[in-house]
Amino acid sequence: MVLMDIDFIHGDTLTATPNIVTLKPVSYPITTLLQHYPDANKIRLTQRQGQAFYQFSSQSQLIILNADTGLPLAPLTEQQAKHIAVSAYTGNGTVSSAHLFEQDAPSELNPKWLPVWQINFADIKQSSLYVSADTGEIVTKRHVYWRLFDVMWMLHIMDYDTRDNIHNNLLTLMASLSLLTALFGTMLLWFRLSHNKKVTR
Amino acid sequence: MIRWQQLHKWLGLLIGLQLLLWIVTGLLLNMIPSVWFSASMHQQQSASAQATPISLQITVSINDVVRLSHLPLSDIELITILARPAYQLTQVNGQQVFVWADTLQTTTKHQQVLSRVSLTDLQIHQIARASYRGDAKLAPAKALKHDNTMPVGTLMITANDEVDTRIYVNRHSGSVIAHQNNRSDYQQWLLMLHFMDYNSENGVSFNHFWTQIIAVLSLIFIISGIRLLVYQLHQGHFWPIKKRPVTINLYESQQLIAQISAHSGCMLDNINKHANAQQAKGLITECGGGGQCGQCVVLYLSTPPSACEYDIAKLSKRKLALGYRLSCQHIISNADLGLSPQQVSQWYENTSDVNQ
């Protein structure tokens, strides 16, 4: 796997940096927002498809408000999600399917990104772009090489259940045996080379 | 086959050290619990999850920020630095700028400008203190020299605790960039060795030229090892138990000099085990049973086993036809073996040589 560029594995080549639309003045001030949601924190102003919006948490819920009207912004529709994915996508496949994940994330996705649209492309890499249904951001990218890498990582750390725990007993056992094997190999090599030395003397 | 063995030997010499490093560092990273390595053992979890009642102090509006920013912005976030409201601005070039949300500056030309966050050493110390859960004394903040892994304007505060905690705080954002300590340094060091990442500071760079070279050589090393192992197993080596014990008779010019009873293994090992039990060296071998030196050759006086690749490589056709074989390459059988006068004369002689 070290022969494969890690940035390629991460899917950085799947999308081009989107043309960032710059923020323009908004009609709903942050002070008004704080009057309505006094416990709001992590307030962030950004935009999706030209519409500026506030994103913050209040009473441990993520809230998305239109930054011009102060009204909740509807979650992304399938059409909008596809549009965002297609405009960032650099490959030459077409969208083959789109799924909305709201409760349970697929195993290749961190659940913190939910709710999210999975936009799949019909290309040789079986690319999938994940678009946040709340913010419209492309949160992550997956393709067949990433999935292969994930399997290789599982084999590397010998955690066949969760694929992320490097502190497992099976690995300890096998690494210890490997160490013994390597030490015996070193001894054999030493004997072989020192015998040869005796001949030349 | 002979080539495989040479290849395996030289590859072992070439990459053996790195293989050992991979195994040892991997084992340590596996066995040492992540809690022990934790750089944040004394880190207070950020208090930003609690809302701060700051609404009244905000005098700089989002629209002021958008209007006064030098570069176009893609993202604005409201944060608090030492209980004062501030904006974290992300410019379209990806760079971040931090400005106060309760103050605007006025230039000499009576123009309004955003007030950039720039904390004093004392304030930085205060932030470090708040992020530190231990009760050791914190040294004054020090500027970092020649450190390109931390953002510009980052200061270091060290704590006099058992792990030498280092707290990195940025002057222009008020954020705690990282906690580090000598245990997290140790982890970084193991990762550096494991990834062969000797240049970069973070120890996780992946696609190094030398990693790739050694990984490919390791693969060849493993394939050659498996090839050798399969061959040896196929020849009958390493199987621990042979059901029926066999008798090996050793002769020197028609005269029986030893009778050996054996259960498993190759001829050479059993002959020398017998010799060692009598304080003798036995048959000389320079390659240690690898079929390379040809010193352990014996003559099968009746029905020699079929010659293997090593026999053919080391012995002449005439000798093969007469029944000469390398005793290290043949599994025990009921056999009568002839030794040369030279081998017999060295049988004991060699012992003193070894003892020297």
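What counts, and at which threshold
Along every chain, residues carry numbers that run from 1 in the direction the sequence is written. Chains carry letters and ligands carry numbers; both start at the beginning, A for chains and 1 for ligands, and go up in the order they are written. Residue-level local features of this predicted model are given only where pLDDT is at least 70; pairs of side-chain atoms are given and counted only at 80 or more, and the full residue set underlies all totals for whole chains, interfaces and linings. Helix and strand labels come from DSSP, where a helix needs a run of H or I of at least four residues and a strand needs a run of E of at least two; each type is numbered from the N terminus. Each radius of gyration is computed over the set of C-alpha atoms, and the globule rule expresses the reference value as 2.2 Å times the number of residues to the power 0.38. As a rule, residues whose C-beta atom has 12 or fewer other C-beta atoms within 10 Å are exposed, those with 20 or more are buried, and those in between are partly exposed; C-beta atoms are placed from the backbone. Each residue gets a C-beta atom placed from its backbone, and two residues are in contact if those atoms lie within 7 Å. Throughout this entry, Asp, Glu, Lys and Arg are counted as charged residues, while Ala, Val, Leu, Ile, Met, Phe, Trp, Tyr, Cys and Pro are counted as nonpolar. The remaining residues, Gly among them, count as polar. DSSP bridges decide pairing: two strands pair if at least two such bridges lie between them. Bear in mind that the domain bounds are from an automatic or database domain assignment. An arc is given here, and it is the one of the directions from the helix axis to the C-beta atoms. For every element, the axis is a line fit to its C-alpha atoms; helices are fit only across the contacting stretch, and the angle between N-to-C directions ranges from 0 to 180 degrees.

For chain B, an unreviewed UniProt entry supplies the name 2Fe-2S ferredoxin-type domain-containing protein and the organism Shewanella litoralis.

Identification of chain A as PepSY domain-containing protein from Shewanella litoralis is taken from an unreviewed UniProt entry.

(A) Region of the structure containing the overall build of chain B. Helices and strands together make up the secondary structure of chain B, namely 10 helices and 13 strands. Computed over its C-alpha atoms, the radius of gyration of chain B comes to 37 Å, more than 25% above the 21 Å expected for a compact globule of 356 residues. Taken along its principal axes, the extent of the C-alpha atoms in chain B is 115 × 40 × 35 Å. Within chain B, the fraction of its 356 residues that count as buried is 27%. A fraction of 51% describes how many contacts in chain B between residues 6 or more apart in sequence connect residues 24 or more apart.

(B) Representation of the overall build of chain A in the model. Scanning chain A from terminus to terminus reveals five helices and seven strands. In summary, chain A has a C-alpha radius of gyration of 26 Å against a globular reference of 17 Å for 201 residues, an excess of more than 25%. Expressed as lengths along the three principal axes of its C-alpha atoms, the size of chain A is roughly 90 × 40 × 30 Å. Looking at chain A residue by residue over its 201 residues, the buried ones come to 24%.

(C) Fine view of the interface of chain B and chain A. Facing the 43 residues of chain B at the interface are 41 residues of chain A. Across the side of chain B that touches chain A, the residue classes tally to 23 nonpolar, 15 polar and five charged. In terms of strand pairing, strand β1 (residues 41-48) of chain A meets strand β1 (residues 73-81) of chain B through two bridges, oriented antiparallel. Across the sheet, Arg44 of chain A pairs through a bridge with Glu77 of chain B, a residue of β1 of chain B.

(D) Quick look at the domain arrangement of chain B. Here chain B is described as being made up of domain 1 (2-35 + 191-233), domain 2 (57-180) and domain 3 (246-355). Just the C-alpha atoms count here: the centres of domain 2 of chain B and domain 3 of chain B sit 79 Å apart.

(E) How the structure looks around the environment of Asn334 of chain B. Relative to the helices and strands, Asn334 of chain B resides in the loop between β12 (324-326) and β13 (335-338). Those residues in contact with Asn334 of chain B that sit more than four places away from it in its chain are Val246 and Thr247 of chain B.

(F) Expanded view of the environment of Ala105 of chain A. All names here are of chain A. Looking at the secondary structure, you find Ala105 in the loop between β4 (94-101) and β5 (116-122). Sequence-wise, Ala105 and Thr32 are 73 residues apart; in three dimensions their C-alpha atoms are separated by 35 Å. Those residues in contact with Ala105 that lie beyond four places of it in its chain are Asn110, Pro111, Trp113 and Leu114.

(G) Here's a closer look at unusual backbone geometry. Of the consecutive residues Leu114 of chain A and Pro115 of chain A, the connecting peptide bond is found in the cis state with omega at -10°. The residue Pro115 of chain A is located in the loop between β4 and β5 in this model. Within the chain, Ser253 of chain B stands out as a residue other than glycine whose phi angle is a positive 35°. Along the chain, the position of Ser253 of chain B falls in the loop between β9 (246-252) and β10 (255-262). Ser253 of chain B gets classed as exposed once you count the C-beta atoms within 10 Å, which come to 10. Phi at Gln254 of chain B takes a positive value of approximately 70°, unusual for a residue other than glycine. Looking at the element boundaries, Gln254 of chain B is found in the loop between β9 and β10.

(H) Region of the structure containing helix α3 (residues 78-88) of chain A. Buried within α3 of chain A we find Ala81, Ile84 and Ala85 of chain A. Down the axis of α3 of chain A, the sector holding all buried residues measures 95°, keeping them to one side.

(I) Highlighting the sheet that holds strand β8 (residues 176-180) of chain B. Residues and elements named next belong to chain B. What the four strands build is an open sheet, ordered β5-β6-β7-β8; its pairing is antiparallel. The sheet terminates laterally at β5 (142-143) and β8, the two strands that pair on one side only. In this sheet, strand β6 (residues 154-158) lies alongside β5 in antiparallel orientation, the contact comprising two bridges. Opposite Lys142, over in β6, you have Met156 as the bridge partner. The sheet strands contacting helix α4 (residues 121-130) are β6, β7 (166-170) and β8, and the helix crosses β7 at an angle near 130°.

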